[in-house]
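Examining the three-dimensional arrangement
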Amino acid sequence: LPAGAAEWEALRIGALASSLLDGLSVWGREIVRPENEQSPTIIGHEADRARRMTDLWETEMDHPVMGGGLNLIQIRLACALGLEVRNPQFHWRPGHPKLCAWFECIAARPSFVMTTPPPH
């Protein structure tokens with residue numbers, strides 16, 4: 001990569017992890033509101049975004065930043081995928097074998113096990 005390109009690439013993939021986490025956070029906040037106050041538009045938008053983002057992440061699993069030592073990008077992505085315990089509508093695993101295999105390795109780490117939230 002040309003000088004500086006690696007940094008921009010790390011920023012790009014980090015933004016993808018942040019985008020998934022942000023959208024899932026919005027979706028999660030919406031589904032815990034009283035049912036008569038929930039916005040089906042917001043829920044649908046964030047569910048669609050989560051589907052698009054997990055499809056994209058399946059293709060990004062071969063990216064160099066996803067291998068090697070644990071980094072902030074991986075932590076952000078793992079936190080996002082781990083929100084499945086809080087959102088029964090977030091079904092990211094079907095059709096994403098690379099993402100599933102990666103997540104299972106991360107989720108088995110003692111630090112991840114100790115901080116996994118209980119189901120909502």
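Each remark here, short or long, concerns the structure printed above.
Residue positions are counted from 1 within each chain, in the order its sequence is given. In keeping with the predicted nature of the model, local features appear solely for residues at pLDDT of at least 70, side-chain atom pairs appear and are counted solely at 80 or more, and the whole-chain, interface and lining totals rest on all residues. Processing note: side-chain calculations cover all non-hydrogen atoms of the structure and skip hydrogens and water entirely.

Core analysis: the largest hydrophobic core is formed by 28 residues, its most contacted members being Leu 20, Trp 57, Met 66, Leu 77, Leu 81 and Trp 102. Helical segments are the DSSP runs of H or I of at least four residues, strand segments are the runs of E of at least two, and each set is numbered from the N terminus. Only helix H1 (5-31), helix H2 (40-60), helix H3 (72-82) and helix H4 (97-107) provide two or more residues apiece to this core. Throughout, a contact is declared for two residues whenever any of their heavy atoms are within 4.5 Å. Leaving out residues up to four positions away in the same chain, Trp 57 has contacts with Ile 13, Leu 16, Ala 17, Leu 20, Met 66, Ile 73, Leu 77 and Leu 99. We define a nonpolar core as any set of buried Ala, Val, Leu, Ile, Met, Phe, Trp, Tyr and Cys residues linked to one another through side-chain atoms lying within 4.5 Å. Buried means the residue's accessible area, taken with a 1.4 Å probe over protein chains only, is under 20% of the maximum for its type, while exposed means over 50%, and partly exposed covers the values in between.

When charged atoms on two side chains of opposite charge get close, those side chains can pair. In what follows, salt bridge is the name for a side-chain nitrogen of Lys or Arg lying within 4 Å of a carboxyl oxygen of Asp or Glu. Scanning the entire structure with this criterion turns up 9 salt bridges. In this structure, Glu 9 and Arg 12 form a salt bridge, with 2.6 Å as the shortest nitrogen-oxygen distance. Within this pair, Glu 9 and its partner Arg 12 are both found in helix H1, separated by 3 residues, close to a single helical turn. When its relative accessible area of 24% is taken as the criterion, Glu 9 is described as partly exposed. Here Asp 62 makes a salt bridge to Lys 98, at a shortest N to O gap of 2.9 Å. Of this pair, Asp 62 sits in the loop between H2 and H3 while Lys 98 sits in helix H4, placing them 36 residues apart in sequence. A relative accessible area of 57% means that Asp 62 is categorised as exposed. A single salt-bridge network, built from bridges that share partners, covers Glu 9, Arg 12 and Glu 60.

On to the environment of Gln 89. Considering the arrangement of structural elements, one finds Gln 89 in the loop between H3 and H4. Separated by 46 residues in the primary sequence, Gln 89 and Ile 43 have C-alpha atoms spaced 9.9 Å apart. Apart from the residues lying within four places of it in its own chain, the contact partners of Gln 89 are Trp 27, Ile 31 and Ile 43.

Now for the packing of H3 against H4. Under this scheme, a helix contributes an axis fitted over its contacting stretch, all axes are lines through C-alpha atoms, and angles between N-to-C directions fall in the 0 to 180 degree range. Look at H3 against H4: their axes get within 10 Å of each other, and the N-to-C directions meet at 100°. Judged on the interaxial angle alone, H4 and H3 are roughly perpendicular. Across the interface between the two elements, Gln 74, Leu 77, Ala 78, Leu 81 and Gly 82 of H3 pack against Leu 99, Trp 102, Phe 103 and Ile 106 of H4. Looking at the contact of H3 with H4 residue by residue, the class counts come to 7 nonpolar, 2 polar and no charged. Roughly parallel covers angles under 35 degrees, roughly antiparallel covers those over 145, roughly perpendicular covers 65 to 115, and oblique covers all other angles. Put simply, Ala, Val, Leu, Ile, Met, Phe, Trp, Tyr, Cys and Pro go in the nonpolar bin, Asp, Glu, Lys and Arg in the charged bin, and everything else, Gly too, in the polar bin.

Note that all results are geometric; they support no functional claim without further evidence.
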